[in-house]
Amino acid sequence: MHYYQFNIGDYASSTQHLDDMEDLAYRRMLDLYYQKELPLPEDVKQIARLIRMRTHCDCIEAVLNEFFELTKDGYINAGADKVLGRAYSKSE
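Cut-offs used in this document
- Residues numbered from 1 in each chain as written.
- Predicted model: local features only at pLDDT ≥ 70, side-chain atom pairs only at ≥ 80, totals over all residues.
- Heavy atoms only, no water.
- Core = buried A, V, L, I, M, F, W, Y, C linked by side-chain atoms within 4.5 Å.
- Buried < 20%, exposed > 50% of the residue type's maximum accessible area, 1.4 Å probe, protein only.
- Helix = DSSP H or I, 4+ residues; strand = E, 2+ residues; numbered from the N terminus.
- Contact = heavy atoms within 4.5 Å.
- Patch = residues over 30% accessible without salt bridge, like charges linked within 9 Å, V, L, I, M, F, W, Y side chains within 5 Å.
- Areas by Shrake-Rupley, 256 points an atom, 1.4 Å probe, with all protein chains shown as cover.
- Salt bridge = Lys/Arg side-chain N within 4 Å of Asp/Glu carboxyl O.
- Lys, Arg positive; Asp, Glu negative; His and termini not counted.
- Charge placed at Lys NZ, Arg CZ, Asp CG, Glu CD.
- Phe/Tyr/Trp six-rings, centres within 6.5 Å; stacked < 30°, edge-to-face > 60°.
- Polar contact = N/O pair within 3.5 Å; in protein donor to acceptor, adjacent residues only side chain to side chain.

### Some points on the nonpolar core
Then, number 1: The biggest cluster of nonpolar side chains holds 25 residues, and the ones touching the most others in it are M29, L40, I60, L64 and F68.
Then, number 2: Elements with a contribution of two residues or more to this core: helix 2 (20-36), helix 3 (44-50), helix 4 (57-67) and helix 5 (78-91).
Then, number 3: In terms of residue count, the dominant contributor to this core is helix 2 (seven residues).
Then, number 4: Residues in contact with L40, not counting those within four places in the same chain, are M29, L32, Y33, I47, L64, F68, D73, G74 and Y75.

### Section: a negative patch on the surface
Then, number 1: On the surface, a cluster of negative charge is contributed by D19, D20, D58 and E61.
Then, number 2: If you trace the backbone, D19 turns up in the loop between helix 1 (8-15) and helix 2.

### A look at the packing of aromatic side chains
Then, number 1: By the definition in use, this model includes five aromatic pairs.
Then, number 2: Ring geometry for F6 against Y11: centres 5.2 Å apart, planes inclined by 50°, an arrangement best described as tilted.
Then, number 3: According to the relative accessible area criterion, F6 is partly exposed, its value standing at 32%.
Then, number 4: Both rings, one in Y26 and one in F67, keep their centres 4.3 Å apart while their planes meet at 15°; by these two values the pair is stacked.

### So, unusual backbone geometry
Working note: non-glycine residues mostly have negative phi, and peptide bonds are mostly trans.
Then, number 1: Even without being a glycine, E37 presents a positive backbone phi close to 55°.
Then, number 2: Here E37 lies in the loop between helix 2 and helix 3.
Then, number 3: With relative accessibility at 31%, the residue E37 sits in the partly exposed group.

### Section: the side chain of N77
Then, number 1: Structurally, the position occupied by N77 is in the loop between strand 2 (74-76) and helix 5.
Then, number 2: Among the polar contacts listed, one links the side chain of N77 to the backbone nitrogen of G79, at a separation of 3.2 Å.
Then, number 3: From its side chain, N77 meets the backbone nitrogen of A80 in a polar contact 2.8 Å long.
Then, number 4: Residues contacting N77, with those up to four places away along its chain left out, are Y26, L30, Y33, F67 and F68.

### A look at the environment of F67
Then, number 1: Inspection of the secondary structure puts F67 in helix 4.
Then, number 2: For F67, a relative accessible area of 17% puts it in the buried group.
Then, number 3: Taking C-alpha positions, F67 is 14 Å from L24, a pair spaced 43 residues apart along the chain.
Then, number 4: Excluding its chain neighbours within four sequence positions, the residues that come into contact with F67 are S14, T15, H17, L18, Y26, I76 and N77.

And the structure:
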């Protein structure tokens with residue numbers, strides 16, 4: 001997916017408690033999730049490499065624990081999956 005709608009108010013109300021690096025990690029993780037249309041890898045270090053935040057694994061792990069769910073396929077995000085599902089239904 002090359003484009004997704006971003007609701008500033010919803011994002012801000014859900015993330016206002018994040019520090020700057022956690023916020024950056026979350027945005028980059030969402031971008032990666034939408035770009036690949038796949039769950040994020042299970043390995044935090046691999047995610048850190050993919051989002052160019054190798055020295056911030058602690059921030060990535062905190063965001064994963066709060067906003068993602070670990071499944072057998074990797075980390076998923078329910079909100080992003082809804083957006084992807086709507087896009088898939090429109091393309092059909």
